[in-house]
Amino acid sequence: MQQIVNFIIRNKTFLLFLLLFSISVLFTVQSHSYHKSKFINSANFLTGGVYNSMNNISEYFSLKSQNEILAKENNRLKSILYNSKTKRNASYIDSVTFNALYKFRTAQVIKNSYNTTNNVLLVNRGIKDSIKQDFGVITDKGILGIVDQTSKNYATVLSVLNSKSNISAQLKNSNHFGTLKWDGKNHVYTQLIDIAKNAVLKKGDTIITSGRSSIFPKGVLVGTINDFKLDPSENSYIINVELFNDMANIEHVYIIENVNLPEIKKLLNE
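Q: Break down the overall build of the chain for me, with residues and values.
A: Helix and strand counts for the chain stand at five helices and 12 strands. Within the chain, the proportion of its 270 residues that are buried is 33%. Here the analysis covers contacts within the chain between residues at least 6 apart in sequence; of these, 57% occur between residues at least 24 apart. Roughly 17,100 Å² of accessible area belongs to the chain as shown, and the carbon and sulfur atoms make up 57% of that amount.

Pasting the structure below:
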């Protein structure tokens with residue numbers, strides 16, 4: 001307290017000046033409309049800048065929750081989109097929500113390999129999230145792989161960049177279909193084999209999933225034709241497909257469950 005008193009005594013002249021200056025500014029602002037409007041505009045500009053900065057900081061720290069909200073919304077929209085396609089293709093009469101053939105769950109990639117022969121990803125969803133073997137995995141841009149092994153909290157995903165991966169795919173502009181099989185050379189491309197040689201091919205054409213498996217619905221994007229050639233027997237084409245996904249930069253994914261998969265597996269096993 002004594003230090004405060006000493007400070008006031010030492011700086012009494014300056015403090016008196018500040019007080020009188022403040023009073024004069026107040027009287028000037030109050031008695032002149034021009035000065036008053038300028039003062040209010042300046043105050044609004046200052047407080048607006050402060051609140052804007054605080055809002056930007058708040059938005060930054062809420063990015064995680066906002067991403068989760070967006071992921072859930074994308075999840076819902078994808079479920080509607082692919083189930084609507086299935087409904088039209090199969091002539092279903094039930095509503096999409098009632099007779100949804102595919103369910104979607106969001107997940108995050110916590111480990112990713114893309115430059116080995118048999119690449120595998122690790123995602124933060126497992127048995128407790130009802131994730132099982134042979135569930136499909138995609139991103140917003142296209143196909144990623146198939147769930148291979150699961151634990152309580154995690155699952156490994158067999159990447160399309162894996163020599164053991166075999167996924168049915170087709171030309172978007174026709175019904176010619178084949179198998180996606182990676183040659184192990186370049187993570188930007190995968191290969192679509194066994195395409196009939198009477199198929200009309202053009203560089204830049206889109207490749208999608210064919211829907212001829214119990215894992216992926218028809219129409220999931222894969223990539224575009226980069227080049228193609230006849231296989232050694234010259235009975236079918238080998239197509240070099242440039243993937244839509246940047247396989248070296250994967251974070252958020254969607255896991256697809258075909259609700260009829262157990263029934264299909266049981267029937268095939270019998």
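Q: Break down the pattern of salt bridges for me, with residues and values.
A: Taken as a whole and judged by the stated rule, the model has two salt bridges. Residue Glu257 is joined to Arg105 by a salt bridge in which the shortest nitrogen-to-oxygen separation is 2.8 Å. One end of the pair, Glu257, is in strand 12 (residues 252–258); the other, Arg105, is in strand 1 (residues 102–112), with 152 residues separating them in the sequence. Between Asp129 and Lys128 there is a salt bridge; the shortest N-O distance is 3.4 Å.

Q: Any chance you could break down a nonpolar patch on the surface for me, citing the residues and the numbers?
A: There is a patch of nonpolar side chains on the surface, built from Ile4, Ile8, Phe14, Leu15, Phe17, Leu18 and Phe21 and spanning about 670 Å² of accessible area. Per element, the largest residue contribution to the nonpolar patch is five residues, and it comes from helix 2 (residues 12–31). With respect to the helices and strands, Leu15 occurs in helix 2.

Q: Summarise the sheet that holds strand 3 (residues 136–138); cite the residues concerned and give the values.
A: Pairing within the closed barrel is antiparallel, and its six strands lie in the order 1-2-5-4-3-12. Each adjacent strand pair in this sheet contributes to an overall mean axis angle of 45 degrees, direction not counted.

Q: Describe the packing of aromatic side chains, and please don't skip the residues or the numbers.
A: In total, this model carries one aromatic pair according to the counting rule given. Here Phe228 and Tyr237 contribute two aromatic rings whose centre-to-centre distance is 5.6 Å and whose plane-to-plane angle is 85 degrees, an arrangement assigned as edge-to-face. Of the residues examined, Phe228 reaches a relative accessible area of 33% and is grouped as partly exposed.

Q: Provide a residue-level description of the sheet that holds strand 10 (residues 221–230), including the pertinent values.
A: Here six strands make up a closed barrel; going around it, the order is 6-7-8-11-10-9 and the pairing antiparallel. Put simply, the sheet's adjacent strands are angled 40 degrees from each other on average, direction ignored. Two strands pair when backbone bridges link them, and strand 7 (residues 177–180) and strand 8 (residues 189–196) are joined in this way by two bridges, in the antiparallel orientation. By the bridge assignment for strand 8, Thr179 is matched with Ile193.

Q: So what about the side chain of Gln170? Which residues, and what values?
A: Along the polypeptide, Gln170 turns up in strand 6 (residues 167–171). Side-chain polar atoms of Gln170 contact the side chain of Arg212, separated by 3.1 Å. Each residue touching Gln170, except ones within four places of it in the same chain, is listed here: Asn175, His176, Phe177, Thr206, Ile207, Ile208, Thr209, Ser210, Arg212 and Lys218.

Q: Can you lay out the pairing of strand 1 for me, pointing to particular residues and giving the numbers?
A: Working note: regular strand, side chains alternate between the two faces of the sheet. With seven bridges connecting them, strand 1 and strand 12 associate as antiparallel partners. Among the inter-strand pairings, Gln108 is bridged to a residue of strand 12, identified as His252. Between strand 1 and the antiparallel strand that follows it, strand 2 (residues 118–123), lie five residues.

Criteria and cut-off values
Residues numbered from 1 in each chain as written. Predicted model: local features only at pLDDT ≥ 70, side-chain atom pairs only at ≥ 80, totals over all residues. Heavy atoms only, no water. Helix = DSSP H or I, 4+ residues; strand = E, 2+ residues; numbered from the N terminus. Buried < 20%, exposed > 50% of the residue type's maximum accessible area, 1.4 Å probe, protein only. Contact = heavy atoms within 4.5 Å. Areas by Shrake-Rupley, 256 points an atom, 1.4 Å probe, with all protein chains shown as cover. Salt bridge = Lys/Arg side-chain N within 4 Å of Asp/Glu carboxyl O. Patch = residues over 30% accessible without salt bridge, like charges linked within 9 Å, V, L, I, M, F, W, Y side chains within 5 Å. Pairing = 2+ DSSP bridges. Axes fitted to C-alpha atoms, helices over the stretch in contact; angles between N-to-C directions. Phe/Tyr/Trp six-rings, centres within 6.5 Å; stacked < 30°, edge-to-face > 60°. Polar contact = N/O pair within 3.5 Å; in protein donor to acceptor, adjacent residues only side chain to side chain.

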